[in-house]
Amino acid sequence: MKKHIPNILTLMNVFSGCLAAVFAVKNQWEIMAFFVFLGMFFDFFDGLSARVLKVQSPLGIQLDSLADMITFGLVPGIVMFQLLTMSETGGWNLKITENMNWYSFHGLLPFIGFTITLSSAYRLARFNIDENQTTSFIGLPTPANALLIISLPLILVFNGNDALNSIILNPWFLIALTLGSSLLLNAPIPLFAFKFKTWDFKDNAMRYIFIFISLVFIGTMKFLAIPAIIFLYLLSSFFLPQEKK
């Protein structure tokens, strides 16, 4: 039975992503975020359990990417679609089919959000065949990008003020973020991974410092901390010597 444990955890990631997608469509942001975070939990422990139980398999690798595609590819695409729609209609409780003319430029604009989904699919497929990403990442990982995107509606809910709301619901900001994050997913930029080979501080100083600063950000900035942490992650990777396989 133990060889099935990692795959069961991965399938729970799939289920969490499906539920997150449903609540993203309904604009129930807090519940959507909960299931994305739950999917991240399962995504972390499926790989960990496979390594601990020594039951890694090609099937598990493919299944993991398929799960990530739903939770970290489809869901942020839906979130960006909803935000772009809100930026055009100016309302929280929008009725998309009634309020939008799909044949106009403004009606088609929200579909740009699914560029994130397309870029995530390409990134995950490339990751599966890339042997240079065993100890580090090339390009922004899909979970990190998903966190960045889902943080936007959470900031509106929990950190919102007129200045922040006007920025987040600006269609040009959302388009720029969509295209920028899509490029980062597949950019040839080396980024460190949180795979601890040992718990020694000397070998993992950057990782421990990053975790500490991230906790400080979370404690002081609420959900506004997420974009700050992603920026810190991108910045700190330039100062971490890349590990050899």
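Structure: see above.
On a predicted model such as this, the values are computed, not experimentally measured, just so you know.

Draft legend 1. Seen up close, the overall build of the chain. The number of helices and strands found in the chain is 11 helices and two strands. When the elements of the chain are put in sequence order from the N terminus, they spell out α-α-α-α-α-α-β-α-α-α-β-α-α. Evaluated residue by residue, the chain yields a buried proportion of 45% over its 245 residues. Restricting the contact set of the chain to residue pairs at least 6 apart, pairs at least 24 apart contribute 74%. Summed over all atoms, the accessible surface of the chain reaches about 13100 Å², with 72% contributed by carbon and sulfur.

Draft legend 2. Fine view of a nonpolar patch on the surface. A cluster of nonpolar side chains, Ile 8, Met 12 and Phe 15, forms an exposed patch at the surface whose accessible area comes to about 280 Å². Judged by its relative accessible area of 45%, Ile 8 falls in the partly exposed class.

Draft legend 3. Structural view of the side chain of Asp 46. Mapped onto the secondary structure, Asp 46 falls in helix α2 (residues 29-53). Reaching out from Asp 46, the side chain makes a polar contact with the side chain of Thr 10 at a distance of 2.7 Å. Apart from the residues within four sequence positions on either side, Asp 46 is in contact with Pro 6, Leu 9, Thr 10 and Asp 64.

Draft legend 4. Representation of the nonpolar core in the model. With 47 residues, the main nonpolar core has Met 32, Val 36, Val 79 and Met 80 as its most contacted residues. Secondary structure elements with two or more residues in this core: α1 (5-25), α2, α3 (58-89), α7 (142-158), α8 (162-168), α9 (171-186), β2 (190-192) and α11 (225-237). At nine residues, the largest contribution of residues to this core is made by α7. Leave out the neighbours within four places in its chain, and Met 80 touches Gly 113, Ile 116, Ile 149, Leu 152, Leu 174, Leu 177 and Thr 178.

Draft legend 5. Just the packing of aromatic side chains, in detail. In the structure shown here, the tally under the stated rule is 10 aromatic pairs. Judged by centre distance (5.1 Å) and plane angle (75°), the rings of Phe 34 and Phe 35 are edge-to-face. What makes Phe 35 buried here is its relative accessible area of 15%. Between Phe 158 and Phe 223, the aromatic rings sit 5.2 Å apart at their centres with planes inclined by 35°, giving tilted as the arrangement. Taken together, the residues span a long stretch of sequence, with Phe 158 in helix α7 and Phe 223 in the loop between α10 (205-221) and α11 at a distance of 65 residues. Taken together, Phe 41, Phe 42, Phe 44 and Phe 45 form an aromatic cluster joined through their ring pairs.

Draft legend 6. Geometry of the packing of α7 against α9. The contact between α7 and α9 brings their axes to 10 Å, and the two run at 170°. Classified by the interaxial angle, the pair formed by α7 and α9 is roughly antiparallel. Contacts between α7 and α9 involve Thr 142, Asn 145, Leu 148, Ile 149 and Leu 152 from the first element and Leu 174, Leu 177, Ser 181 and Leu 185 from the second. Considered class by class, the residues forming the contact of α7 with α9 number six nonpolar, three polar and no charged.

Draft legend 7. Expanded view of unusual backbone geometry. The phi torsion at Asn 27 lies on the positive side, around 60°, for a residue other than glycine. Note that Asn 27 resides in the loop between α1 and α2. Positive phi outside glycine occurs at Lys 222, with the angle close to 55°. Its location among the elements puts Lys 222 in the loop between α10 and α11. Since its relative accessible area comes to 53%, Lys 222 is described here as exposed.

Draft legend 8. Up close: the environment of Leu 84. Here Leu 84 is to be found in helix α3. Residue classification places Leu 84 among the buried residues on the basis of a relative accessible area of 0%. Residues Leu 84 and Ile 175, 91 residues apart in the sequence, show an inter-C-alpha distance of 8.1 Å. With sequence-adjacent residues up to four places away left out, Leu 84 is seen in contact with Leu 109, Pro 110, Ile 112, Gly 113, Pro 171, Leu 174 and Ile 175.

Calculation notes
- Residue positions are given per chain, counting from 1 as you read along its sequence in written order.
- Two thresholds apply to this predicted model, a pLDDT of at least 70 for residue-level local features and 80 or more for giving and counting side-chain atom pairs, whereas whole-chain, interface and lining totals are computed over all residues.
- Each side-chain value is worked out from all heavy atoms of the structure, with water and hydrogens disregarded.
- For helices the rule is a DSSP run of H or I covering at least 4 residues; for strands it is a run of E covering at least 2, with both sets numbered from the N terminus onward.
- Each residue gets one of three labels from its accessible area relative to the maximum for its type: buried under 20%, exposed over 50%, partly exposed in between, using a 1.4 Å probe on protein chains only.
- Only heavy atoms enter the contact rule, under which two residues are in contact if any of them lie within 4.5 Å.
- Using a 1.4 Å probe, the Shrake-Rupley method yields the accessible areas, and only the shown protein chains count as cover for residues.
- To count toward a patch, a residue needs a relative accessible area above 30% and no salt bridge. Like charges then connect within 9 Å, nonpolar side chains (Val, Leu, Ile, Met, Phe, Trp, Tyr) within 5 Å.
- Salt bridge criterion: a side-chain nitrogen from Lys or Arg within 4 Å of a carboxyl oxygen from Asp or Glu.
- What qualifies as a polar contact is a pair of N or O atoms within 3.5 Å, subject to a donor-acceptor requirement within protein and to the restriction that residues adjacent in sequence count only when both atoms come from side chains.
- Here, nonpolar core refers to any group of buried Ala, Val, Leu, Ile, Met, Phe, Trp, Tyr and Cys residues whose side-chain atoms link them within 4.5 Å.
- Each pair of aromatic rings taken from Phe, Tyr and Trp, with Trp reduced to its six-membered ring, is defined by centres within 6.5 Å and is described as stacked if the planes are under 30 degrees apart, edge-to-face if over 60, and tilted in the remaining cases.
- Orientation is described by lines fitted to C-alpha atoms, with helices fitted over the stretch in contact, and by angles between N-to-C directions that extend from 0 to 180 degrees.
- Orientation categories follow fixed angle ranges, with anything under 35 degrees roughly parallel, anything over 145 roughly antiparallel, 65 to 115 roughly perpendicular, and all other angles oblique.
- Think of it as three bins: nonpolar holds Ala, Val, Leu, Ile, Met, Phe, Trp, Tyr, Cys and Pro, charged holds Asp, Glu, Lys and Arg, and polar takes everything else, Gly as well.

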